[in-house]
Structure formats: C-alpha cells, structure tokens
Amino acid sequence: MTLKTPVELTTSVANLDALEASNLTPYHAIYLGNIYCRLYERNFLEALDDLRTAVEILHAAGKKAYVSTYAAPLTPDLDQVRRVLEVAATSQADAVEVHNLGVLRIVAQEFPSLRVHMGAFANVYTDLTARKFVELGAARITPNYEVSLSETDLISSRVPAEFEILLHGKMSLGVSESCFLLTGASTLGLSCPEACQEEYFLRYEDWELKSLGKGVTSGRDVCMLEHIPQLLASGHRVFRIETISETPAYQSEVGRVYADAIARAEPGLWRIKEEWWDVLRTHSSHGFCNGFYFGRSGRLYISANGAGAALNA
Amino acid sequence: MTTLLAPGGSVDMVRVALDSGADAVYCGVKGWSRYPSHGLSNPEIADALHLAHDRDRKLLLAMNSVPRTKETDLFLERVERYALWGIDGLIVNDIGVLDLVHQHLPGLPLSASVGCGALNVEDVLFLEAMGAETVILPWTVSPADVTRMRAAAGAHLEIFVFGLKEHIHLGRCYMPGYVQRMEKTVRLDDHGRSLVVGSAKQGGVCYRICKVGCVLAGNGTTHSTRLPYESFFICRDLGAYLHAGVDLLKIQGRDLTPASVGALVRFYRRLLDAPNDPPRGKEASTWQQALRSITRYGELHELQLDGFGNPSRA
C-alpha cells in the first residue's frame, strides 16, 4: 500500500546484548533503554558507552535511534538523566522519549536541539495537555494507554503533532519505586539483576499482569492487527510494537507480521492471513487484548467478527 | 506557618475537622473528583464554605477527575462558579487543566494533585511554571528531596502525613481498568458527565486490585503473594519534613468517618503545636492505639526514614 505519509514502525531495546541479538529489519526506529529500573542489567540509560554504540549501529543500519528516559526519576536520579541526554545530543540521536515533566523541563532548557517524544507515562489524557507539551517542544505524543482511540482521534485532530499508537505487545500499567520481585526475594530466591530477566506473572482469577520488577504491564498482548485499516484511515502513521521484555524472536517475527500487514492494508482488499495469527499466537503466552482503545476493560479483546474469544481460547 | 489540611468527605466531616484544629479542609466536587461517593453537591459545598470561613479557615475543592476533551468548557464553568463563591483553592490532576485554569483565573490558588506526578525538583519547577501555587508530593519523597525542592522552588510543598502507601506511584497506575472498566454517566445540573469507573484519572474509582491475594508464577514456580499495600502515618520524622520546609500536611481519607478524621486532626494539631516535643511513653502508646483503630486499608505502619534517607517502614 502506498501512503502519502509513510508509516513508522518502532520498538524498544533495553541493552546492547538485546540489540545485538535482534533482527530489527521490520522496524524503522528503535527506542533505547529500560525506562523502569536503573539496575536493569547493562541498561542503555546507565551504560552510556553502549548507548553511543547503539546509536551508531542503528544509524549505520539506516534506522532512527530514539533514547528513552526513566519513567519516574527521583531528584537523585536527575544527574544520570542529564548524562543520558548529553549522550543523546552528542551522538545525534533522532529523539528522546520523555515520560516525566521535570525531564521535559531539563530538555527544553538545557538540550533544546533534541527532538522530544512524550511517552505513555507523561499522562496525556486531554488536548490541553498535548497542546502544552507541543508548546514546550514535543514533536510526538503517545496518549496515555487509558485513552480510547476515539478520544485519541479527537485530541490528534486538535493538536499539531505526531501521535504514536501501541499496535502490539504488553502495555505499561504502572511503575513503582521498589522492585516487586526483590520485595519477595526471601521467598522466591530471586536476586538483582537476574530477577527481571525471567518471566513472572501475577495471577488472580481470570486476569494476569506481568511483573518487570519496578514495572507492571498487561498480562495479555495488546493486538491491533484486525484494526490496522481503521488506524490508517484515521491518519495514524506511527506505531509501536512493545518488546522491552520479550525475546528476540518475538521482536523480529511479530514485527514482520505487522510490517507485512501494513503493506497489504489496501482499502477493499484487506484480508488477514491465517499465518499472521499463527505467528502472533506462538509468541503470546497469555492471549490477546485491545487495551483501552475501545473504551472497555483493558484485558478484553474486541473483534468485529467475534474472533476474540477464539483467539484467547 | 505550616497548614494542617484535613479531608471533608461530608459537611459533618468538615465541621468535625475544623473544630478539631484543621487549618483548612479539602472537599471533592460531586462528579468531578476522585471517590465520587464522597463528593459534595453544590448546596453542601456552600455549607462547607460557610463553616470554614465562619472560623477564618480555608476550604479547598478537589476537581481531580480529568475532563474529557469535550468537557473542558463544562469544567471551566464549574470552576468559575466556585471561584465566585470564594473558595480558597482548587486541586487539579492534569497539567493541561492546571494551565487552563491558571490562564482563566490567575488569582485562584491551584494545587497540583499528587496525580500530576511530581517526584523530583524539576517536576516541582515545571508545575510551578504551569501555575501551581502548591505541589502535592507522594510519600516516596524524603526530607532530603524536600530540602532541594524548597531551595529551588517558590511553590508551597505539601506532603501526606496519613494515607495509603501503594506499590505503584500515584498518577502512574492504570491497573484497575485493565481488570474492569466501565462508563458511568453522572448528572451535573443540566449536563451528563461520563466517568470512567476503573480509571483513577478519569473517574476516580479504583478497584484496589492491588489488595487481592494473588499468585506470582514464573520460572516453573508459583508463590502466593500480594502487592505491597498498607496505610501509613508520619510521626517521629515529622520534624525532619518541617525542617526541610514543607508548607502543608495533608491527612488523606475522605472515606473515613468524621470521628476518625477528628482524632487524626487532633493528633497532628498536637504534633504541630509542639513539634519539638513529640508524644512519648504513655501518650505515644495512646495515640498509636487510636491511629491503628482508624486505618481502613491494610495494616497501619509508621513511615520512617532509614539510614540512607529513604522512606521505609518501621
């Protein structure tokens, strides 16, 4: 499909090991760094030489390099945030992702040449906030994941910025000051930094959440495959596949499905290939959901043809 | 002078809080604040305002449920009405809303709710620049952090001295709506307002899913567990926060009984009036017993500073 404005497919990578293990062919741009924890093993946001190297690798591969920043920095963390921003500026990263008001202030005052993308934890719920961020220099907005697609469309119609949509993967649902996995270390026998390298899910009755230690995500994968034509028709062109806690195979194969699907999203000719579902099912341990995009409970899957129940069976 | 700020979940609670020694009371506005069932109607707000002003105290309103894009005019109309009534301040939960109200009503003192997410000194400066006269800080902010904020910013700094300590940062938790979320229409005058039940930002009702006992499964093992969730109060470290320069002490709990709020206010009034002479011995035991009988969520622990300056549980 030929679009007047090209699509950008993005994903995220936490450290150099993950970057080197990845096949990022389907993606146009990569967010670098784990936004939850300063102790995450070789986190790009702490290993600054690795961060510089990663930007070089991505640029050499013809991809954009975006540098993430911490979702919830306390005052003592700000010196490190400034060092990260300095590296982003000097290595000519293509943008920084900002979740925190104070970090936005630092960028605006001390690194005004950096392009800013406001992340999901920046809590954009209204056109008022989105417009304010744009006034302060933001070029791209990720509305909070609680905001429905219809509300996002209304906001984006009023605010001159790019809007990023989570297309697939586990959506962020919270960030904490303390590591949940280590809080229970005495009984679980877990230690840092290994604990969050494993997959742990919190389960209660019919729902589950994934614990990343300081971060919490949905247990199910947000899956918007069926809704790609609608998203494109609404004018959305920037899509994220969240893979910060996933395997390299998940990252490359799920990315390939969506790159293929977007390329084939011709009006009137759109048909989902069964093999796409096969790939997505292979990599989904707890099924699919649509997050909050349709105004319903985030763990539900909404499908026009009733396929949702079958997908999660 | 430090302000003791008490919850006003009902007109009766407002009266008890003021008579117990609160300098100011905050009330929710029905349909526009978190915890909708503890919001006050317009006649109740008028009554509460009279109670406060008759005693030369202050009344703040919390409109901390974020309006939808199409509800902005309705929200502003309500704020203008309450400003004309003479409220002493407004608590908001969104930086766009904060900026909007500040532009329209620059004389109205605004508080940036803890849901605005201030965690560090740069956040405080940001919110101050948006028009916040007061920035409300979460329990994770230590006196050392407050000292740096006080040195850098002119905004009033507010901390919770009694409240709920949850695992996820306030203003950054979206878990409840993942489990259950629904739209609920609230009639406000001639208007219907849609609350999103399950969203702390958009409707204010939280299902407290972090309270449930659950299973942590992974790496071939399962463990019964639950997310950290407990009530806290600050007592022995209150002096450190006061010395660091906090301006307001907030008691959380519009859902408490008026009698419980009265007891809490009397406790903190006692501490504030003699900050260098905190309760000791039998008096301390009596107070701790009284406070423990008040908590409604989890166990009540005193929040104290550990040797590294970080808040921890005593």
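For the structure itself, consult the block above.
Residues numbered from 1 in each chain as written. Chains lettered and ligands numbered in written order. Predicted model: local features only at pLDDT ≥ 70, side-chain atom pairs only at ≥ 80, totals over all residues. Heavy atoms only, no water.

**What about the packing of aromatic side chains?**
Which entries qualify depends on this criterion: Whether two aromatic rings pair depends on their centres lying within 6.5 Å, for rings of Phe, Tyr and Trp, where Trp uses its six-membered ring; planes under 30 degrees apart make the pair stacked, over 60 edge-to-face, and the rest tilted. The secondary structure listing takes helices from DSSP runs of H or I that are at least 4 residues long and strands from runs of E that are at least 2 residues long, numbered from the N terminus. Per-residue accessibility, obtained with a 1.4 Å probe over protein chains only, is compared with the maximum for each type, and a residue is labelled buried under 20%, exposed over 50%, and partly exposed between these values.
For the coordinates displayed, the defined rule picks out 9 aromatic pairs over all chains. For the pair Phe121 of chain A and Tyr174 of chain B, a centre-to-centre distance of 5.9 Å together with 35° between the ring planes defines the contact as tilted. Here Phe121 of chain A is found in the loop between strand 5 (116–118) and helix 5 (127–135), whereas its partner Tyr174 of chain B is found in the loop between strand 9 (168–173) and helix 7 (175–179) on a different chain. On the basis of relative accessible area, Phe121 of chain A is assigned to the buried category, the value being 3%. A relative accessible area of 3% means that Tyr174 of chain B is categorised as buried. Where Tyr204 of chain A meets Trp207 of chain A, the ring centres are 5.7 Å apart and the plane angle is 50°; that geometry is what we call tilted. With relative accessibility at 27%, the residue Tyr204 of chain A sits in the partly exposed group.

**Points about the sheet that holds strand 11 (residues 215–218) of chain A**
For the record, the criterion: Note on pairing: DSSP must find at least two bridges between two strands before they are called paired. Only the contacting stretch of a helix is used when fitting its axis, a line to C-alpha atoms as for every element, and angles between N-to-C directions run 0 to 180 degrees.
The strand order across the open sheet formed by 7 strands is 9(B)-8(A)-11(A)-10(A)-9(A)-12(B)-13(B), and the pairing between neighbours is antiparallel. Here the strands that pair on one side only, and so sit at the sheet edges, are strand 9 and strand 13 (221–225) of chain B. Along the sheet, successive strands turn relative to each other by an average axial angle of 30°, direction set aside. One ladder, built from 2 bridges, connects strand 8 (residues 172–176) of chain A with strand 9 of chain B; its direction is antiparallel. Note that in strand 9 of chain B the partner of Ser176 of chain A across the bridge is Ile168 of chain B.

**Considering the environment of Ile168 of chain B**
Filter applied, for reference: When checking whether two residues touch, look at their non-hydrogen atoms; a contact exists if any pair is within 4.5 Å.
As for its position among the elements, Ile168 of chain B is in strand 9. A residue is classified by how much of its surface remains accessible, and Ile168 of chain B, at 6% relative accessible area, is buried. A sequence separation of 143 residues divides Ile168 of chain B from Val25 of chain B, and the C-alpha atoms of the two residues are 27 Å apart. With sequence-adjacent residues up to four places away left out, Ile168 of chain B is seen in contact with Gly174, Val175, Ser176 and Val216 of chain A together with Cys173 and Met175 of chain B.

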